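Single-letter residue listing:
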Amino acid sequence: MIYGAMKVAIGGPLKLGFRPWVEGMENIPDEGAAILASNHLSFSDSFFLPAVLDRKVTFIAKAEYFTTPGVKGKLTAAFFKGVGQLPVDRSGSRGAGEAAIKSGIEVLERGELFGIYPEGTRSPDGRLYRGKPGGLARVALATGAPVIPVAMIDTEKIQPPGKVMPKFMRPGIRIGKPLDFSRYQGMENDRFVLRAVTDEVMYEIMKLSGQEYVDVYATAAKRQIADAAKTEKAAKAELEKAAKAEQAGREAQKERGGA
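Residues numbered from 1 in each chain as written. Predicted model: local features only at pLDDT ≥ 70, side-chain atom pairs only at ≥ 80, totals over all residues. Heavy atoms only, no water.

A. Highlighting the pattern of salt bridges. The full count for this structure, using the stated rule, is ten salt bridges. Residue R130 pairs with D215 through a salt bridge whose shortest N-O separation is 3.3 Å. Here R130 is found in the loop between β6 (128–129) and α6 (135–143), whereas its partner D215 is found in the loop between β9 (213–214) and α8 (218–258), with 85 residues between them in sequence. With relative accessibility at 52%, the residue D215 sits in the exposed group. The salt bridge involving K207 is made with E204; its shortest N-O contact spans 3.5 Å. Taken as a pair, K207 and E204 lie in helix α7 (residues 191–209) at a separation of three residues, close to a single helical turn. Overall, the relative accessible area of 48% leaves K207 in the partly exposed class. Among the charged side chains, a network of salt bridges with common partners joins D125, R127 and E212. (Salt bridge = Lys/Arg side-chain N within 4 Å of Asp/Glu carboxyl O. Helix = DSSP H or I, 4+ residues; strand = E, 2+ residues; numbered from the N terminus. Buried < 20%, exposed > 50% of the residue type's maximum accessible area, 1.4 Å probe, protein only.)

Shown next as structure tokens:
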């Protein structure tokens, strides 16, 4: 009931204000378990996709969204629960991966739709990054649920980093044909099989999205970008320091010459 109310309260305005276009809606089954494996461009991906679907889709979210104290924290937790997000506790011995797998299996065993981002985090630059082989593949093989590749289009352009007001434009959603991995049933502990399943899904997402594919993990790319930014900032600070020293030297020399 809460999900339905939130879908009307949030999904309605999203569809009215942004008018997202959708291709391949016929690939979403009317009933039964299925995994929606999507690229991840924006925080809003988890809202646009459920907004256009008739069925409930459950994504996972970090537990911090549900445990922050205070009024704001309670409102945030209520919001995420209302839109079908499940908290994932990352404090366990194997972190978010095991929690995500357990949550996904529970959702699928109820015959529902489970949404997951194989990249593990948002793309830092709009390109498609290597999928992590644990969560998606293990959930698919453990449950036998079909994997439906999904491509979010242009959602990162609606509210780029640093922008407060969103840009009203039409994002897109392309939904591919279900992928059947029953041939690998019972092989969820084989790392080569997990890699093969994940790569096949990422290839289909790449075809749907038209993104450039980068064969590294997005988390590693984010670290590289952050390190490069720090290096650039440090170099800029050194240049500014040198320029100030040079300016001070010129001024001191000028004062000595006028004495």
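B. Quick look at empty space enclosed by the protein. What the rule picks out here adds up to two cavities of 30 Å³ or more. Considered as a void within the structure, the second largest cavity measures approximately 40 Å³ in volume. Forming the walls of the second largest cavity are A140, L141, G144, A145, P146, D180, F181, S182 and Q185. Residues of the lining of the second largest cavity, tallied by class, amount to five nonpolar, three polar and one charged. (1 Å grid on protein atoms, 1.4 Å probe; cavity = no way out; pocket = protein on both sides within 12 Å on 5 of 7 lines; lining within 4 Å. Points joined across faces, edges and corners; volume = space filled by probe spheres on them. Nonpolar A, V, L, I, M, F, W, Y, C, P; charged D, E, K, R; others polar.)

C. Quick look at the packing of aromatic side chains. By the definition in use, this model includes four aromatic pairs. Residues F18 and F48 carry aromatic rings whose centres are separated by 5.5 Å and whose planes lie at 90° to one another, so their mutual orientation is edge-to-face. Taken together, the residues span a long stretch of sequence, with F18 in helix α1 (residues 2–18) and F48 in helix α2 (residues 45–52) at a distance of 30 residues. Each member of the pair, F18 as well as F48, carries the same accessibility label: buried. When the centroid spacing of 4.9 Å and the interplanar angle of 20° are considered together, the rings of F18 and F168 count as stacked. On the criterion of sequence distance, the pair formed by F18 in helix α1 and F168 in the loop between β7 (147–153) and β8 (172–175) is long-range, its members being 150 residues apart. Classification of F18 by relative accessible area gives buried; the value is 9%. Residue classification places F168 among the exposed residues on the basis of a relative accessible area of 59%. Three or more aromatic residues joined by ring pairs make a cluster, and in this case those are F18, F48 and F168. (Phe/Tyr/Trp six-rings, centres within 6.5 Å; stacked < 30°, edge-to-face > 60°.)

D. Just the layout of surface pockets, in detail. Put simply, the second largest pocket is a space of about 540 Å³. Lining the second largest pocket we find 21 residues, and of these S42, F43, S44, R122 and Q159 sit closest to its centre. At the level of secondary structure, the elements contributing two or more residues to the lining of the second largest pocket comprise α1 and α2. Among the elements that take part in the lining of the second largest pocket, α1 stands out by supplying three residues, more than any other. Residues belonging to the lining of the second largest pocket are distributed by class as follows: twelve nonpolar, five polar and four charged.

E. Representation of the side chain of S42 within the structure. With respect to the helices and strands, S42 occurs in the loop between β2 (34–38) and α2. Given the relative accessible area of 12%, S42 is considered buried. Aside from chain neighbours lying at most four places away, what touches S42 is R122, T155 and E156. (Contact = heavy atoms within 4.5 Å.)

That's the geometry; what it means functionally is another story.
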